[in-house]
Amino acid sequence: MNNHLVLYPQYYITLTTPPQLPLIPEAYKPFPHYNLEAVQWALLFGVCFMLGVGMGANDVADAFGTSVGTGTVTVTQAFILATVVEMMGSVASGFAVDGKSLSIVDTSSYADNPDELVIGQIAMLVGCATWLIVATFYSMPVSSIHSLLGATMGFSFVLRGVNGIIWKRVFLIMAVWILSPIASAIFTLITFFLLDVTVLRAKNPVKTGLFLLPGIYVIVVFANVFLFLQDGSRVLRFDQIPFMYTVAVSLAIGALAGFLALFVIGPIMKRRLKSELEKSSISVYVGLLTTLAVLMGIWTLGIRVIRTVGENFAKMNPATGFSVEFGAAVCALATNMYDIPQNLKIVMVNP
């Protein structure tokens with residue numbers, strides 16, 4: 001057998017050393033107890049999902065708090081609208097930025113140890129998500145972007161001190177926070193002034209408002225669609241749409257919304273107003289019926305209580321009687337002005 005193998009060397013296989021994998025610098029090796037891909041998925045479906053829950057729960061008040069408070073929409077309608085517009089905004093405009101809008105950390109300082117940056121980001125997300133959920137649980141309206149900024153500055157300050165923060169970006173963001181409320185207040189004042197002059201001070205505000213409703217829809221929808229497309233998602237390639245096409249599409253959609261308001265929304269609002277008026281009529285009838293019941297009580301059984309209050313509690317002359325009635329009347333009218341329930345008999349007996 002051995003001679004056979006020696007005579008036929010072609011049956012031998014030459015053994016070679018397998019190629020060595022390129023060495024990874026020690027500074028860029030991840031911690032041995034976790035897998036980088038697993039961490040990424042955990043962040044996506046864990047911490048980031050929790051942060052999204054906190055942001056949605058707390059920030060919905062920013063968009064729909066006044067609408068619900070003024071009775072324009074119900075809570076259910078607000079939740080449905082928020083669901084639709086949040087999906088549209090996150091998909092269409094959420095990818096418009098490239099992630100640098102909150103670049104306040106000097107990432108170059110972590111070049112020697114990038115794992116610290118990863119762990120710091122995880123801590124920032126956990127802290128911010130926890131704070132948003134706790135604040136929402138106690139009905140406190142807070143700002144998500146303020147929370148993210150503070151958490152990012154916090155972990156960077158712990159790891160790198162003041163040198164790890166890009167203070168120019170921080171001051172710029174804070175300046176925007178100061179200027180944005182001022183700009184919002186100016187636009188709010190202008191809008192309210194126009195509505196006050198054109199609608200609220202008109203002889204028939206309801207009729208005037210319904211007449212101007214299509215135009216208002218055109219302006220609002222045009223502005224939203226134009227900004228939506230002009231600074232839109234790179235994923236959907238909205239940023240590649242020419243400027244004039246953006247204007248044309250925005251005008252077309254705004255005009256369509258105007259026709260919708262004229263032929264659909266306006267008639268629906270008219271029917272609602274008519275039904276509400278038919279109901280204010282019901283309140284008048286209820287008031288008249290209540291007054292009738294009070295009058296019947298006065299004429300039938302009122303004499304019994306009059307005798308008890310006027311004769312049995314104290315002997316009164318015209319002066320003391322006038323003083324008691326006048327004091328009770330003033331007290332009752334004053335408390336009624338501030339919607340404070342008051343018992344007139346107690347006021348009269350204990351002036």
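Residues numbered from 1 in each chain as written. Predicted model: local features only at pLDDT ≥ 70, side-chain atom pairs only at ≥ 80, totals over all residues. Heavy atoms only, no water.

(A) Representation of the packing of helix α6 (residues 167-200) against helix α7 (residues 205-230). In contact at an axis separation of 9 Å, α6 and α7 are set at 125° when each is read in the N-to-C sense. It follows that α6 is oblique to α7 by the angle criterion. Contacts between α6 and α7 pair Leu 195, Thr 198, Val 199 and Leu 200 from the former with Pro 205, Thr 208, Gly 209, Leu 212 and Ile 216 from the latter. A per-class count over the contact of α6 with α7 returns 6 nonpolar, 3 polar and no charged. (Axes fitted to C-alpha atoms, helices over the stretch in contact; angles between N-to-C directions. Helix = DSSP H or I, 4+ residues; strand = E, 2+ residues; numbered from the N terminus. Parallel < 35°, antiparallel > 145°, perpendicular 65-115°, else oblique. Contact = heavy atoms within 4.5 Å. Nonpolar A, V, L, I, M, F, W, Y, C, P; charged D, E, K, R; others polar.)

(B) Layout of the UniProt feature "transmembrane region" (unreviewed entry) in the protein chain. In the numbering used here, UniProt assigns the feature "transmembrane region" (unreviewed entry) to residues 38-57, 78-97, 117-138, 145-166, 172-197, 209-229, 241-265 and 285-306. When the span residues 209-229 is considered, its composition is 100% helix and 0% strand, and the gap between its end C-alpha atoms is 29 Å. (UniProt positions renumbered as here; feature names shortened; annotations may be inferred.)

(C) Spotlight on helix α5 (residues 144-160). For α5, spanning 17 residues, the distance from its first C-alpha to its last is 24 Å, which sits close to the expected 24 Å at 1.5 Å a residue. Residues of α5 that are buried: Ser 144, Ser 147, Leu 148, Leu 149, Thr 152, Met 153, Phe 155 and Ser 156. After α5 finishes, the residue Gly 161 shows a positive phi value of roughly 75°. (Expected span 1.5 Å × (residues − 1). Buried < 20%, exposed > 50% of the residue type's maximum accessible area, 1.4 Å probe, protein only.)

(D) View of the pattern of salt bridges. For the structure shown, the criterion picks out 3 salt bridges. Between Asp 112 and Arg 160 there is a salt bridge whose closest N-O contact spans 3.8 Å. Residue Asp 112 is located in the loop between α3 (75-93) and α4 (114-137), and its partner Arg 160 is located in helix α5; the two are separated by 48 residues in the primary sequence. The class of Arg 160 is partly exposed, set by a relative accessible area of 23%. (Salt bridge = Lys/Arg side-chain N within 4 Å of Asp/Glu carboxyl O.)

(E) Spotlight on the nonpolar core. Membership of the largest hydrophobic core comes to 19 residues, with the highest contact counts inside it found for Leu 51, Ile 104 and Met 153. Mapped onto this core, the elements with two or more residues apiece are α2 (36-69), α4, α5 and α6. The biggest single contributor to this core is α4, with 6 residues. Those residues in contact with Ile 104, other than ones at most four positions away along the chain, are Leu 149, Thr 152, Met 153, Gly 164, Ile 165, Ile 166, Arg 169, Val 170 and Ile 173. (Core = buried A, V, L, I, M, F, W, Y, C linked by side-chain atoms within 4.5 Å.)

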